[in-house]
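# Descriptive analysis of the structure
Residues per chain, in single letters:
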Amino acid sequence: MRVSSTQMIGRYQKQLNDSYEDQTKMMEQSDGSKLHRPSDDSVNYSKYLRYQNSSTENEQYQSNVKTGISWMKTADAAMVNMTDILTTLKEKTIQAANDTNQTVDVQAIGKEFLNKVYELVSLGNTQQGDRYMFSGQSDLTQPFTVSAAKKERGLTKTLDDPQSDYFKDSNGNSLGADADGIAVQMLTLRGDDGNTYYLNTRSGNVYTEEFVKQGYKDKVAGGQQHVLAGDEAGTLAGWTPTSGTVAQYFKASGELEGTNYTKAMNDAYGLGNIQVGGTTVNLKFATVDQYIVEYSGDAKHISMTKRNGTVDPTADTVNATGQDLFGSDIFDNVNSGNQPKGVSSGTAALNDLLTIVAKLEAGDTQWLSSDGITLADVAHSSVLDAQTTTAARQNVYDSVSTMLDKQNETITEDISNASDADVAKLAVMLMTMQTIYNMSLSVGSRILPQSLTDYLG
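Residues numbered from 1 in each chain as written. Predicted model: local features only at pLDDT ≥ 70, side-chain atom pairs only at ≥ 80, totals over all residues. Heavy atoms only, no water.

### What to know about unusual backbone geometry
The condition that has to hold: Only runs of H or I of at least four residues qualify as helices and only runs of E of at least two qualify as strands under DSSP, and these elements are numbered from the N terminus.
Located in the positive-phi region is Tyr269, a residue other than glycine, with phi close to 55 degrees. Position of Tyr269 relative to the elements: it lies in the loop between helix 6 (263–267) and strand 10 (272–276).

Printed below as a string of structure tokens:
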């Protein structure tokens, strides 16, 4: 078979070009990657794209987790200071409740107490950058403000543990007091007979001060373990025992102002009346003049997703709101009617502490020794619970951060296995191919005819 010079030259050039193309591809890999286009290695290129997506997700989750941990550390530091202050306030309340104190001594404690409450409010306004830690999703809005002037707030009766246990039925349901807040409470009433009474806002039952403080103990000593019908002094005439009645007289902060309230009516004992020993006793709400804290944040939590899969707002929450910190009381709990959006005021414990301040200023050691100590303890417990929840969630995020770091190492290794070139091996192969290429050029120049005349000759 006759082979023309054109065929020889064409075949030689093709092989030479193929060799040069292989060298070019190897030169591309000198940057450390063997994948520059899908055609380089379709299987590994597919793996490489999947691993890159996983790496991008991992980096985003790591960023979320680091931001979340930073957020929770800042919040936790603020809450640690809050619990320290509240521990001090508990001690101050116990100190002031000693009836051997002079009025001036109690008032001096009141000034210190008020300054500590202001510190709590300031800590509640803690910021990270320009974002408020305890303002919910309204984190550009300062959450807590204290009124410039004192306002008239309803006075509660806060039950201690033995009282709370008594004013419940055998199933643990509260029949004698409202237990759906951070404390078990009733509202304090004044009678035109000069006596103090306590109102169960969920039933309208009114109990005498003597029964709530001592009389129930006599019942317990006689074998009665829980409040029963007949323990009450009477039922408030005109009071509708339905959820939401409190809101007709009080704001969520406890300030007296509602559709059924006027100052004149309250001063005139116009709330209603009961029959005590055959005598009609007209009642009005007992009040206390105090500063009021308002909350401008919301109850929505901020979520920072930390792993793929189903989004869990509860597990992914990184903040605590005013409602989480300071709970609710009889004025803003689920039974009050002051939760049109299903959330409390976010300032219950703070306003209860300011009630203690007012009682300190008045030198009322009797109230402090019962309600005051209980309220201070409840406020401390409320913030401590929020701190514990945040700390536990931070531990979860710390664990997830460690897991994501390990996942990132695995993903990086997978990407390397799929795309990285063996540079040392590549250098040897490239030098070999370059040598062969140069030899091919040298041999080709000697054996290939330069023209048809040379071939025929």
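Let's pick the thread back up.
### Re the nonpolar core
Put simply, the rule is: Buried Ala, Val, Leu, Ile, Met, Phe, Trp, Tyr and Cys residues form a nonpolar core when they are joined through side-chain atoms within 4.5 Å. For each residue, the accessible area found with a 1.4 Å probe, counting protein chains only, is set against the maximum for its type, and the residue is called buried under 20%, exposed over 50%, and partly exposed in between.
One finds Met82, Phe134, Leu353 and Ile356 to be the most contacted residues of the largest nonpolar core, which totals 55 residues. Elements with a contribution of two residues or more to this core: helix 2 (42–96), helix 3 (103–124), strand 13 (293–295), helix 7 (322–326), helix 8 (348–362) and helix 9 (365–419). Ranked by residue count, the leading element in this core is helix 2, at 13 residues. Ranked by size, the runner-up nonpolar core spans 19 residues in total, among them Leu199, Phe250, Leu256 and Phe285.

### A few points about the pairing of strand 10
Regular strands have side chains that alternate between both faces of the sheet. For clarity, the threshold we go by: In short, DSSP must find at least two bridges between two strands for them to pair.
By the bridge criterion, 5 bridges tie strand 10 to strand 11 (residues 279–285) in an arrangement that is antiparallel. Along strand 11, the bridge assignment pairs Gln275 with Thr280. Linkage of strand 10 to strand 11, two consecutive antiparallel strands, is achieved through a turn of 2 residues, within which Gly277 is found at a positive phi near 60 degrees.

### What about the pattern of salt bridges?
Test applied: Each reported salt bridge corresponds to a side-chain nitrogen of Lys or Arg within 4 Å of a carboxyl oxygen of Asp or Glu.
Tallying each qualifying case throughout the model produces 16 salt bridges. The salt bridge involving Glu255 is made with Lys151; its shortest N-O contact spans 3.9 Å. Within this pair, whereas Glu255 is found in the loop between strand 9 (234–235) and helix 6, its partner Lys151 is found in strand 4 (residues 151–154), the two being separated by 104 residues in sequence. A relative accessible area of 29% places Lys151 in the partly exposed class. Note that Lys251 and Glu255 form a salt bridge whose closest N and O atoms lie 3.6 Å from each other. One salt-bridge network, held together by shared partners, links Lys151, Lys251, Glu255 and Glu257.

### Points about helix 8
Just so we agree on the cut-off: In this scheme, a helix's expected span is set at 1.5 Å multiplied by one less than its residue total.
The first and last C-alpha atoms of helix 8 sit 21 Å apart over 15 residues, in line with the 21 Å expected at 1.5 Å per residue. Within helix 8, 13 of the 15 residues are buried, which leaves it mostly tucked inside the rest of the structure. Positioned one or two residues after helix 8, Gly363 has a phi angle of 70 degrees, which is positive.

### Focus: the packing of aromatic side chains
Heads up, the condition is: When the centres of two rings from Phe, Tyr and Trp lie within 6.5 Å, Trp using its six-membered ring, the rings pair. Their planes under 30 degrees apart give stacked, over 60 give edge-to-face, and anything left gives tilted.
As enumerated under the stated definition, the model contains 12 aromatic pairs in all. Plain terms: the ring middles of Phe167 and Phe211 are 6.2 Å apart, the flat faces sit at 85 degrees to each other, and that makes the pair edge-to-face. A residue pair is termed long-range when its members are at least 10 positions apart, and Phe167 in the loop between helix 4 (161–166) and strand 6 (185–191) and Phe211 in helix 5 (residues 209–221) qualify at 44 residues. Cluster of aromatic residues (ring-pair linked, three or more members): Tyr166, Phe167, Tyr207, Phe211 and Tyr216.

### Here's the deal with the environment of Arg190
Note that Arg190 resides in strand 6. Taking the relative accessible area as the measure of exposure, Arg190 reaches 29% and is therefore partly exposed. A C-alpha to C-alpha distance of 9.3 Å links Arg190 and Thr287, two positions 97 residues apart in sequence.

### A look at the pairing of strand 7 (residues 196–199)
With burial as the criterion, each face of strand 7 is covered, one bearing Thr196 and Tyr198 and the other bearing Tyr197 and Leu199. In this sheet, strand 7 lies alongside strand 6 in antiparallel orientation, the contact comprising 4 bridges. The residue of strand 7 that forms the bridge with Leu189 is Tyr197. The antiparallel hairpin formed by strand 6 and strand 7 contains 4 residues in its connecting segment, where Gly194 sits at a positive phi of about 90 degrees. Sheet analysis places strand 7 next to strand 8 (residues 205–208), joined by 3 bridges and oriented antiparallel. The residue of strand 8 that forms the bridge with Tyr198 is Tyr207.

### Focus: the packing of helix 3 against helix 8
This is how the line gets drawn: Only the contacting stretch of a helix is used when fitting its axis, a line to C-alpha atoms as for every element, and angles between N-to-C directions run 0 to 180 degrees. With respect to orientation, any angle under 35 degrees is reported as roughly parallel, any angle over 145 as roughly antiparallel, any angle of 65 to 115 as roughly perpendicular, and every other angle as oblique. Definitions for this section: a left-handed crossing has its near helix turned counterclockwise from the far helix by less than a right angle. A right-handed crossing has that turn clockwise. Contacts between residues were defined by any pair of non-hydrogen atoms, one from each residue, lying within 4.5 Å. For this classification, the nonpolar set comprises Ala, Val, Leu, Ile, Met, Phe, Trp, Tyr, Cys and Pro, the charged set comprises Asp, Glu, Lys and Arg, and every other residue, Gly included, is treated as polar.
It is at 8 Å that the axes of helix 3 and helix 8 come closest, and there the two elements cross at 160 degrees. Classified by the angle their axes make, helix 3 and helix 8 are roughly antiparallel. Relative to helix 8, the crossing made by helix 3 is left-handed. Contact residues: helix 3 offers Val106, Gln107, Ile109, Gly110, Phe113, Leu114, Val117, Leu120 and Val121, while helix 8 offers Leu350, Leu353, Leu354, Ile356, Val357, Leu360 and Glu361. Looking at the contact of helix 3 with helix 8, its residues break down into 13 nonpolar, 2 polar and 1 charged.

### As for the environment of Gln248
Turning to its location among the elements, Gln248 is positioned in the loop between strand 9 and helix 6. We classify Gln248 as partly exposed; its relative accessible area is 28%. Linking Gln248 and Gly337, residues 89 residues apart in sequence, is a C-alpha distance of 8.1 Å. In this structure, Gln248 is in contact with Gly258, Thr259, Asn260 and Tyr261, ignoring residues within four places of it in sequence.

### Focus: the side chain of Ser253
Stated precisely, the cut-off is as follows: In the analysis that follows, any N or O atom pair within 3.5 Å is treated as a polar contact, provided that within protein one partner can donate a hydrogen and the other can accept it, and provided that, for residues neighboring in sequence, both atoms belong to side chains.
Summarising the element assignment, Ser253 is placed in the loop between strand 9 and helix 6. Accessibility expressed as a relative area gives 5% for Ser253, which makes it buried. Here the side chain of Ser253 touches Glu255 through a polar contact of 3.5 Å, landing on its backbone nitrogen. In this structure Ser253 touches Arg153, Ile292, Glu294 and Asn351, once residues within four positions along its chain are discounted.

Read these as geometric descriptors, not functional statements.
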